[in-house]
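# Structure at a glance
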2 protein chains.
Amino acid sequence: MSALLSSLDTPVALLDVPRMQRNIQRMQHRINELGVRLRPHVKTSKCLPVIQAQIAAGASGVTVSTLKEAEHCFAEGINDVFYAVAIAPGKLDQALKLRRNGCRLSILTDSVVAAQAIVAFGQRHDENFDVWIEIDCDGHRSGLTIDDPSLVEVARTLIEGGMHLRGVMTHAGSSYDLDTPEALQALAEQERRLCVSAAERIRQAGLPCAEVSIGSTPTALSAQSLQGVTEVRAGVYVFFDLVMHNIGVCRADELALSVLTTVIGHQQDGWIIVDAGWMAMSRDRGTQRQREDFGYGQVCSETGEWIDGARVTGANQEHGIITLATGSQADITARFPIGSRLRILPNHACATGAQFPDYHACDAEGAIQTWSRLHGW
Amino acid sequence: MSALLSSLDTPVALLDVPRMQRNIQRMQHRINELGVRLRPHVKTSKCLPVIQAQIAAGASGVTVSTLKEAEHCFAEGINDVFYAVAIAPGKLDQALKLRRNGCRLSILTDSVVAAQAIVAFGQRHDENFDVWIEIDCDGHRSGLTIDDPSLVEVARTLIEGGMHLRGVMTHAGSSYDLDTPEALQALAEQERRLCVSAAERIRQAGLPCAEVSIGSTPTALSAQSLQGVTEVRAGVYVFFDLVMHNIGVCRADELALSVLTTVIGHQQDGWIIVDAGWMAMSRDRGTQRQREDFGYGQVCSETGEWIDGARVTGANQEHGIITLATGSQADITARFPIGSRLRILPNHACATGAQFPDYHACDAEGAIQTWSRLHGW
């Protein structure tokens, strides 16, 4: 069933499908050229038609952030699924069930304790889990540094316990703090070098470590070489957003996700009140400490033209407050009358998407389909 | 079907039902004593058993932030529903349908233009909408100030157009910026006085204006008099949260909503990594500029005891980073081992609740029921 933009109630999450397709092609082409596989992170979209478009373009399996995403992907025929969050022992039951059903689910750990738990559970259930070891390449979050004595110990624990060590992985999350090509290239090289070195350390200890998985959208788009790497993971490139725009890895006309909203009022201080508050935009303020702070989002016309200086500078649950850099109250009220519509580009596509039960996916002809997305765990 | 805490997969949104019931009783009792009706704002919970508990305690109708909430409440037998966001003309069709089905839905406006749109639509469909006029009592968001010449004009437009002007309403949203009883009492009095004055201005113009609706949780709990007011609206009191705690209107042991999470790792700099990231907590940083910044949440033990100095200081999509004020790495790893569980109190209950498809509602005996909540529009 398809609809037209004018028939949609607001707020809705609009997906520009041609932009999305170009984003998918761009990343896939780049990673193909660098000679490795691309395993998209589906936590951004949590939406099957989006994931299917990534697979159709050449992706090798998927990365997920929850086991619910894994179950969803597997139910739709995607077999190679990497759950890229260090697994809590309590989730091994759910992981086992997926594998017993035929999913080639791989899991992640970064400690001897958790590796022992995986081994104990695996042995108890006669299951040889596919396991990755997480490497910390930038002090950003989790993982083992390459000089941590536990690194080889975790590998040994898994392998001697009968598990299949699939490889090492890292995520250069600190790439979100950068905004020059030079710094991004340097971090991409650091991500590659440290993760490949971690694999080497394990191999030097006489243990097999076949794969090296790295990635974040900014480093994936900045890497000059992926020597020694076997796969790249990236997520937000599929839609891009204002944070990525500030980092410098996409143009404004590559942002595929926006929120369609309606003007519901004006205030004398030049505010335009719209029906997209933080419940629609999310509370993500990812551009706050970047080169340009977009508030809760950049305002565009209903058809998508960027309106210079127009931003959502305040948000309550169902009220967004848009301010303009210039313009008298009378001008603003005339230009953005009650009932008129705007589009808002989000800071962070993963966070804004999560506020909606579905995307309204708009094709090149303007026909709109409803694509549902996962919510919860 | 009921479960036990130990059987739940994490992350989940836990609701302490005895605390919630006490919060409901406390507000209802207070508003009863002040001699007016309480119309709870259900945008906090979006959950039927919670709303039913509020009605059972004596609430008169409900306030909603979306027409989807209105439809949901009406389907469950709640007839008096106030949609307290200035209505976009495009939503009048949906409002009409509710009214034609028998719902006493009332709507809101704060401009002549929107009032004219309501009148035109109402006349076209032979429907006399119940309409409130929004008053701006603190420059916080939307509404007409009492000296705005449009105030009487909006009232006249509605009444002469055949609509039923139900009354005036305001919301002292700036109460969230305060944290002393004196300042809160003063703002509560300002909210009352200005909204009552707005009604008086309309009456002085010879127009009927029966009702005066005010409210926010902090002002509702601080008002010394509600003379001239007919009803109070408040929402977040039903669960309370860290923002309310910082404002000073609740104790820590009144916070009814928390997120149950599992420890999935540790880092050498003293971080505890848990499986509740911003997808679980939301990106709401409401305590950032308050007297105490709780990061993404205050950490408690699995059974709910507040752990001094333990906060979620960083959050990625499915990773929360907990730091402690003191303690060596070895102490922290021993005290919070992988697989152990914690509860996190949220900054903002409305935002955190929205991240979950349901609450896990825990009664005094520890039995847990799943209560679904609305998502989307």
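Residues numbered from 1 in each chain as written. Chains lettered and ligands numbered in written order. Predicted model: local features only at pLDDT ≥ 70, side-chain atom pairs only at ≥ 80, totals over all residues. Heavy atoms only, no water.

## Side note on the pattern of salt bridges
Inspection of every chain in the model, using the stated rule, returns 44 salt bridges over all chains. For the salt bridge of Arg203(B) with Glu200(B), the shortest nitrogen-to-oxygen distance reads 3.2 Å. Placement of both Arg203(B) and Glu200(B) in helix H7 (residues 181–204) is noted, with a separation of 3 residues, approximately one turn of the helix. Residue classification places Arg203(B) among the partly exposed positions, given a relative accessible area of 30%. Salt bridges sharing common partners tie together Arg37(A), Arg39(A), Asp80(A), Arg166(A), Glu211(A) and Glu231(A). (Salt bridge = Lys/Arg side-chain N within 4 Å of Asp/Glu carboxyl O. Helix = DSSP H or I, 4+ residues; strand = E, 2+ residues; numbered from the N terminus. Buried < 20%, exposed > 50% of the residue type's maximum accessible area, 1.4 Å probe, protein only.)

## Re the side chain of Lys46(B)
Examined against the element boundaries, Lys46(B) turns out to sit in the loop between strand S2 (37–40) and helix H2 (48–56). Those residues within four positions of Lys46(B) in sequence are excluded, and the remaining contacts are Met279(A), Gln317(A), Glu318(A), Ser65(B), Thr66(B), Glu69(B), Ser372(B), Arg373(B) and Leu374(B). (Contact = heavy atoms within 4.5 Å.)

## Focus: the environment of Gly309(A)
With respect to the helices and strands, Gly309(A) occurs in strand S13 (residues 306–315). Setting aside its immediate chain neighbours within four residues, Gly309(A) contacts Thr323(A), Leu324(A) and Ala325(A).

## Topic: the sheet that holds strand S7 (residues 164–170) of chain A
Residues and elements named next belong to chain A. The parallel open sheet is built from 8 strands, whose spatial order is S2-S9-S8-S7-S6-S5-S4-S3. A single partner strand is all that each edge strand has here, and the edge strands are strand S2 (37–40) and strand S3 (62–64). With strand direction ignored, the average angle separating the axes of adjacent strands in the sheet is 30°. Helix H3 (residues 67–75) rests against S3, strand S4 (80–83) and strand S5 (104–109) of the sheet, and its axis sits at about 150° to S3. Each of S5 and strand S6 (130–135) touches helix H4 (residues 92–100); the most contacted strand, S5, lies at about 155° to it. (Pairing = 2+ DSSP bridges. Axes fitted to C-alpha atoms, helices over the stretch in contact; angles between N-to-C directions.)

## Structural notes on the relation of the copies chain A and chain B
Two copies of the chain are present, and they differ by a rotation about an axis and a shift along that axis. Rotating chain A by 180° and translating it 0.0 Å along the rotation axis places it on chain B, where the RMSD comes to 0.0 Å. In the structure described here, the two chain copies are related by an operation that fits a two-fold rotation axis. If distances are taken from each C-alpha of chain A to the rotation axis, the shortest is found for Arg283(A), at 2.4 Å. Interface overlap between copies is the fraction of interface residues in one copy that are interface residues in the other; for chain A against chain B it reaches 100%, indicating a shared surface. (Least-squares fit on C-alpha atoms with pLDDT ≥ 70 in both.)

## Digging into the interface of chain A and chain B
Facing 55 residues of chain A, the contacting portion of chain B comprises 56 residues. Surface buried jointly by chain A and chain B totals about 4600 Å² across both partners, of which 56% is contributed by carbon and sulfur atoms. It is Arg141(A), His375(A) and Trp377(A) that lose the most area in chain A upon contact with chain B, and together they represent 17% of the buried surface on that side. At the junction of chain A with chain B, the criterion picks out 4 salt bridges. Lys91(B) serves as the salt-bridge partner of Asp275(A), at 2.5 Å between the closest nitrogen and oxygen. Across the contact surface, chain A and chain B share 27 residue pairs in polar contact (both at pLDDT 80 or more). (Buried area = accessible area lost by both parts, 1.4 Å probe. Polar contact = N/O pair within 3.5 Å; in protein donor to acceptor, adjacent residues only side chain to side chain.)

## Observations regarding the confidence of the model for chain A
The predicted coordinates ought not to be read in detail in places where the model reports low pLDDT. This prediction gives chain A a mean pLDDT of 97; 100% of its residues lie at or above 70. If you check the scores for this complex, the pTM reads 0.97 and the ipTM reads 0.97. (pLDDT = per-residue confidence, 0-100.)

## Details of helix H5 (residues 112–124) of chain B
Residue and element names in this part refer to chain B. The end-to-end C-alpha distance of H5, which contains 13 residues, comes to 18 Å, matching closely the 18 Å that a straight helix rising 1.5 Å per residue would cover. Along H5, the residues that are buried comprise Val112, Ala114, Ala115, Ile118, Val119, Phe121 and Gly122. Elements that come into contact with the buried residues of H5 comprise helix H4 (92–100), strand S5 (104–109), strand S6 (130–135) and helix H6 (150–160). Where H5 terminates, the next one or two residues include Asp126, which has phi positive at roughly 55°. (Expected span 1.5 Å × (residues − 1).)

## Here's the deal with the UniProt feature "domain: D-serine dehydratase-like" (unreviewed entry) in chain A
As annotated by UniProt and renumbered to match this structure, "domain: D-serine dehydratase-like" (unreviewed entry) occupies residues 256–363 of chain A. Across residues 256–363 of chain A, the secondary structure splits into 15% helix and 38% strand, with the terminal C-alpha atoms separated by 11 Å. (UniProt positions renumbered as here; feature names shortened; annotations may be inferred.)

## Considering the sheet that holds strand S3 (residues 62–64) of chain B
Residues and elements named next belong to chain B. On the basis of which strands lie adjacent, the open sheet formed by 8 strands has the order S2-S9-S8-S7-S6-S5-S4-S3 and parallel pairing. Pairing within the sheet leaves two strands with one partner each, and these edge strands are S2 and S3. Strand-to-strand twist in this sheet, taken as the mean axis angle between neighbours without regard to direction, amounts to 30°. Pairing analysis gives 3 bridges linking strand S4 (residues 80–83) to S5, with the strands arranged parallel. Paired with Val81 across the two strands is Leu105, which belongs to S5. Across the face of the sheet, helix H3 (residues 67–75) comes into contact with S3, S4 and S5 while running at roughly 150° to S3.

## Quick look at the environment of Glu160(A)
All names here are of chain A. Note on placement: Glu160 falls in helix H6 (residues 150–160). Residue class for Glu160 comes out exposed when judged on its relative accessible area of 61%. Distance from Glu160 to Val119, taken between C-alpha atoms, is 8.9 Å for residues 41 residues apart in sequence.

## Details of the nonpolar core
Residues Met20(A), Ile133(A), Met20(B) and Ile133(B) are the most contacted members of the largest nonpolar core, which totals 240 residues. Apart from residues no more than four positions distant in its own chain, Ile133(B) is found in contact with Leu108(B), Thr109(B), Leu144(B), Leu151(B), Val154(B), Ala155(B), Leu158(B), Leu165(B), Gly167(B), Val168(B), Met169(B) and Ile202(B). (Core = buried A, V, L, I, M, F, W, Y, C linked by side-chain atoms within 4.5 Å.)

## Here we look at the packing of aromatic side chains
A full pass over the atoms with the stated rule returns 10 aromatic pairs over all chains. Arranged with centres 4.7 Å apart and planes meeting at 15°, the rings of Phe82(A) and Trp132(A) form a pair that is stacked. Of this pair, Phe82(A) sits in strand S4 while Trp132(A) sits in strand S6, placing them 50 residues apart in sequence. Here Phe82(A) falls in the buried class, since its relative accessible area comes to 0%. Seen in terms of ring centroids, Phe121(A) and Phe129(A) are 6.2 Å apart; in terms of plane orientation they differ by 35°. Their pairing is tilted. The burial state of Phe121(A) is the same as that of Phe129(A); both residues are buried. The residue whose ring lies beneath Arg285(B) is Tyr296(B), and the NZ or CZ to ring-centre distance is 5.6 Å. (Phe/Tyr/Trp six-rings, centres within 6.5 Å; stacked < 30°, edge-to-face > 60°. Lys NZ or Arg CZ within 6 Å of the ring centre and 35° of its normal.)

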